[in-house]
Every structure is written in structure tokens, then in C-alpha cells.
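Listed below are the residues making up each chain.
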Amino acid sequence: MLAVQNVTRTFNKGKAGFRNVTFSMKEGEIIGILGTSGCGKSTLLRVLSGLDDQYSGKFTLSKTDSDHKVGMMFQEPRLMPWLSVNDNIGFGVKTAKQKELAKELLDLVGLNGFENHYPKDLSGGMAQRTAIARSLITEPDVLLLDEPFSALDAFTKMQLQDLLLSIWKKRQTTMVLVTHDIDEALYLCDRVFILRGQPGEIYAEIKIEQKKPRSRGDVTLAEKKAEILNLLDLNNDIKEKVQ
Ligand SMILES: Nc1ncnc2c1ncn2[C@@H]1O[C@H](COP(=O)(O)OP(=O)(O)OP(=O)(O)O)[C@@H](O)[C@H]1O
């Protein structure tokens with residue numbers, strides 16, 4: 001359903017951004033994009049979300065070409081401070097069906113009882129829960145996530161990764177997850193693309209075949225982690241690095 005064909009977005013006479021990105025994904029798949037800082041991960045998501053149209057190449061993200069429905073979530077929740085949790089989730093919602101969905105999503109992200117709270121009264125985790133619900137209100141064909149949990153503490157992060165998995169299980173949402181966190185990618189994704197270079201290019205694809213939910217301590221995942229560290233060139237002899 002999602003097909004990205006030779007898409008390139010660079011700045012400043014061919015520098016930075018990313019280039020020649022080609023991949024396709026099935027409905028319900030979770031794809032991870034991993035790479036060190038500056039390799040073009042956020043730029044790629046901005047292009048796929050439609051926020052940046054200065055690219056070359058082609059992509060389709062929806063079941064039908066004309067109906068390009070994507071949801072987007074960022075590192076910070078980007079809530080409207082003057083609106084309650086409920087109104088942030090249901091912002092712009094008009095139909096009775098959407099209002100019903102807003103209630104369902106509130107429940108899905110575990111915020112029942114907090115619907116009338118304002119963003120200033122929420123913890124970081126609760127604010128991101130609200131942002132997850134809001135990103136699903138349009139029932140997107142693809143959810144694009146740009147380091148959605150990187151600003152959270154380790155425990156909240158794990159809880160929200162599990163929340164994302166439970167949403168995926170219930171709704172089979174197709175997702176593209178940009179992350180710096182290899183463990184997060186191994187826990188959530190079916191395939192991970194490693195981006196390298198500036199401009200970034202897909203350097204490798206790692207398949208993670210274990211059924212979800214996975215065990216965070218799984219030995220096979222640890223092996224994959226070592227493989228990814230090698231691919232990112234971060235697993236060289238440690239003695240050389242600390243001298
Ligand atoms: N609007 C812009 N104008 C010029 N250069 C840009 C612009 N946006 C991004 N870049 C450059 O493109 C490169 C990729 O940026 P991008 O934010 O996509 O990287 P990233 O992989 O998401 O990095 P990080 O992991 O640090 O968020 C960087 O070198 C950045 O400076």
C-alpha cells in the first residue's frame with residue numbers, strides 16, 4: 001500500500017536531506033527508520049506527511065491515490081494549551097461518528113477521567129498519550145512517528161511503546177517510526193531501514209521476524225542489535241574508542 005520510489009530531498013545544492021529512498025510496505029506493517037543525527041530521517045517523514053513538497057521521485061501512502069490520509073506524531077506533543085484533552089483529541093471533529101471515535105480513542109490511550117484536564121496539568125506521558133489519540137482521529141492509512149518517545153523517561157517510554165503495540169493490535173495501523181533508539185525499533189518494528197550518509201541513503205534493511213509482543217530481553221533481538229550497531233559503524237573495538 002505504501003510505496004516510495006526513488007524519493008530525494010536535498011538542501012543547499014545537493015547537501016544533507018536524503019536521497020534515492022525506495023521501499024514499499026504492507027498494510028499493518030511497522031517500519032523503523034534508524035540513523036545517526038543529520039542523516040535525513042525527519043526530512044523523510046516531513047516529505048511523506050505532505051509538509052514538504054520540494055522533493056523528486058514518487059510515493060503513494062494510501063489505499064487510493066486521491067485519499068492521502070496520514071497521521072503524524074512528533075517528539076513533543078504539540079497540544080493546544082487552551083483546549084482540554086478531549087478537545088485536543090477531537091479538534092476539528094464534526095460528525096457524530098468522529099465524536100464517538102474521539103471517546104474510543106480517549107479510552108484506548110488510557111485517559112478516561114482526564115478528558116477535561118488541560119495540557120498544563122498533564123505529565124509528559126499523558127500529553128503524549130493525548131497526542132497519539134489525536135493522530136488517530138482522522139483514521140489515517142499510515143501513522144508517521146518522529147521520535148515520539150525520545151523526550152520521555154525510560155519507564156514511561158516503555159509504557160507508551162506497549163500502548164502503541166496495543167493500538168496496532170486492535171487497529172492494525174500501518175506505521176513508519178523514526179527513532180534513535182535501537183531497542184525501540186527492535187521491540188516495535190517488522191523491518192528496520194538503516195539510513196547512512198549526508199544526504200542519507202538506505203544502507204541496509206533488517207527484518208525482525210519475532211511475533212509481537214516481544215520480550216525486551218530476547219537473545220535474538222540482542223544479536224540483531226549488534227548487527228545494527230555494526231551497520232551504523234558504532235560497534236568498533238571499544239578499546240580504540242575510549243583511548
Ligand atoms: N530546511 C532546511 N534547510 C537546510 N538544511 C536542512 C533543512 N532541514 C534539514 N536540513 C539538513 O538536512 C540534514 C538532515 O536533517 P534531518 O533533521 O532530517 O536529520 P535527522 O536524521 O532527522 O536528524 P536528528 O536525528 O538529529 O533529528 C541536516 O544536515 C539538516 O541540517
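Residues numbered from 1 in each chain as written. Predicted model: local features only at pLDDT ≥ 70, side-chain atom pairs only at ≥ 80, totals over all residues.

**Q** Hey, could you run me through the packing of helix H4 (residues 124-136) against helix H5 (residues 154-171) in this one?
**A** For any two helices packed against each other, one specifies the crossing angle of their axes together with the interaxial distance. The N-to-C vectors of H4 and H5 enclose an angle of 20 degrees; their axes lie 10 Å apart at closest approach. What the angle tells us is that H4 and H5 run roughly parallel. The hand of the H4/H5 crossing is right-handed. For the pair H4 and H5, contact is made by Gly124, Gly125, Gln128, Arg129 and Ile132 and by Thr156, Gln159, Leu160 and Leu163, respectively. The residue makeup of the contact of H4 with H5, split by class, is three nonpolar, five polar and one charged. (Axes fitted to C-alpha atoms, helices over the stretch in contact; angles between N-to-C directions. Helix = DSSP H or I, 4+ residues; strand = E, 2+ residues; numbered from the N terminus. Parallel < 35°, antiparallel > 145°, perpendicular 65-115°, else oblique. Left-handed = near helix turned anticlockwise from the far one by under 90°. Contact = placed C-beta atoms within 7 Å. Nonpolar A, V, L, I, M, F, W, Y, C, P; charged D, E, K, R; others polar.)

**Q** Got a minute to help me understand helix H3 (residues 96-108) in this structure?
**A** For an α-helix, the turn length of 3.6 residues means that residues three or four places apart are oriented alike. With 13 residues, H3 should cover 18 Å at 1.5 Å per step; its first-to-last C-alpha distance of 18 Å lies within 8% of that length. When H3 is considered as a whole, its buried residues turn out to be Leu101, Ala102, Leu105 and Leu106. All buried residues of H3 fall inside an arc of 140 degrees around its axis, so they share one side. Every exposed residue of H3 that faces more than 90 degrees away from the buried side is listed here: Ala96, Lys97, Glu100 and Asp107. Elements in contact with the buried residues of H3: helix H2 (85-89) and H4. (Expected span 1.5 Å × (residues − 1). Buried ≥ 20, exposed ≤ 12 C-beta atoms within 10 Å, placed from the backbone. Arc of directions from axis to C-beta.)

**Q** I tried to follow the site of the ligand on my own but got confused; where do I start?
**A** Around the ligand sit 13 residues, and of these Phe11, Ala16, Ser37, Ser42 and Thr43 come closest. For the shell around the ligand, the secondary-structure elements that each account for two or more residues are strand S2 (15-25) and helix H1 (41-49). (Near = placed C-beta within 6 Å.)

**Q** In this structure, what is going on with the sheet that holds strand S1 (residues 2-11)? I would like to understand it.
**A** For sheets, the rule is that strands pair by backbone hydrogen bonds, running either parallel or antiparallel. Read from one edge of the open sheet, three strands run S2-S1-S4, paired in antiparallel fashion. Where the open sheet ends on each side, the last strands, each with one partner, are S2 and strand S4 (56-60). Averaged over neighbouring strand pairs, the angle between their axes works out to 20 degrees when direction is ignored. Relative to S4, S1 is paired through four bridges, and the arrangement is antiparallel. Looking at S4, one finds that glutamine 5 is bridged to lysine 58. Strand contacts of H1: S1, S2 and S4, with the helix running at about 60 degrees to S2, the strand carrying the most contacts. (Pairing = 2+ DSSP bridges.)

**Q** Explanation requested: the pairing of strand S9 (residues 201-207) in the structure shown.
**A** A regular strand places its side chains so that they alternate between the two faces of the sheet. Strand direction decides the pairing type here: strand S8 (residues 191-196) and S9, joined by six bridges, are antiparallel. Among the inter-strand pairings, phenylalanine 193 is bridged to a residue of S9, identified as glutamate 205. Where S8 hands over to S9, the hairpin turn is made up of four residues, of which glycine 197 adopts a positive phi near 100 degrees.

**Q** Just to check I follow, could you spell out H1 for this structure?
**A** Extensive coverage of H1 is indicated by the burial of seven of its nine residues. Taken together, the buried positions of H1 are occupied by Lys41, Thr43, Leu44, Leu45, Arg46, Val47 and Leu48. Downstream of H1 by one or two residues, glycine 50 has phi in the positive range, about 90 degrees.

**Q** For this particular structure, what's the right way to read the confidence of the model for the chain?
**A** When the pLDDT values of the chain are averaged, the result is 92; 94% of them are 70 or greater. At the level of chain-chain contacts, confidence expressed as ipTM amounts to 0.96, with global pTM at 0.93. (pLDDT = per-residue confidence, 0-100.)

**Q** Whenever I open this one, unusual backbone geometry confuses me. Can you help?
**A** Most peptide bonds take the trans configuration, and most residues that are not glycine carry a negative phi. Here glutamine 198 and proline 199 are connected by a cis peptide whose omega angle stands at 5 degrees. Summarising the element assignment, proline 199 is placed in the loop between S8 and S9. With an omega of 0 degrees, the peptide bond running from lysine 212 to proline 213 counts as cis. Looking at the element boundaries, proline 213 is found in the loop between S9 and helix H7 (219-231). For asparagine 6, which is not glycine, the phi dihedral falls at a positive 50 degrees. Its place among the elements puts asparagine 6 in strand S1. The residue glutamate 139 is not glycine, and still its phi comes out positive at about 50 degrees. Among the secondary structure elements, glutamate 139 is positioned in the loop between H4 and strand S6 (142-146). Judged by the 13 C-beta atoms lying within 10 Å of it, glutamate 139 falls in the partly exposed class.

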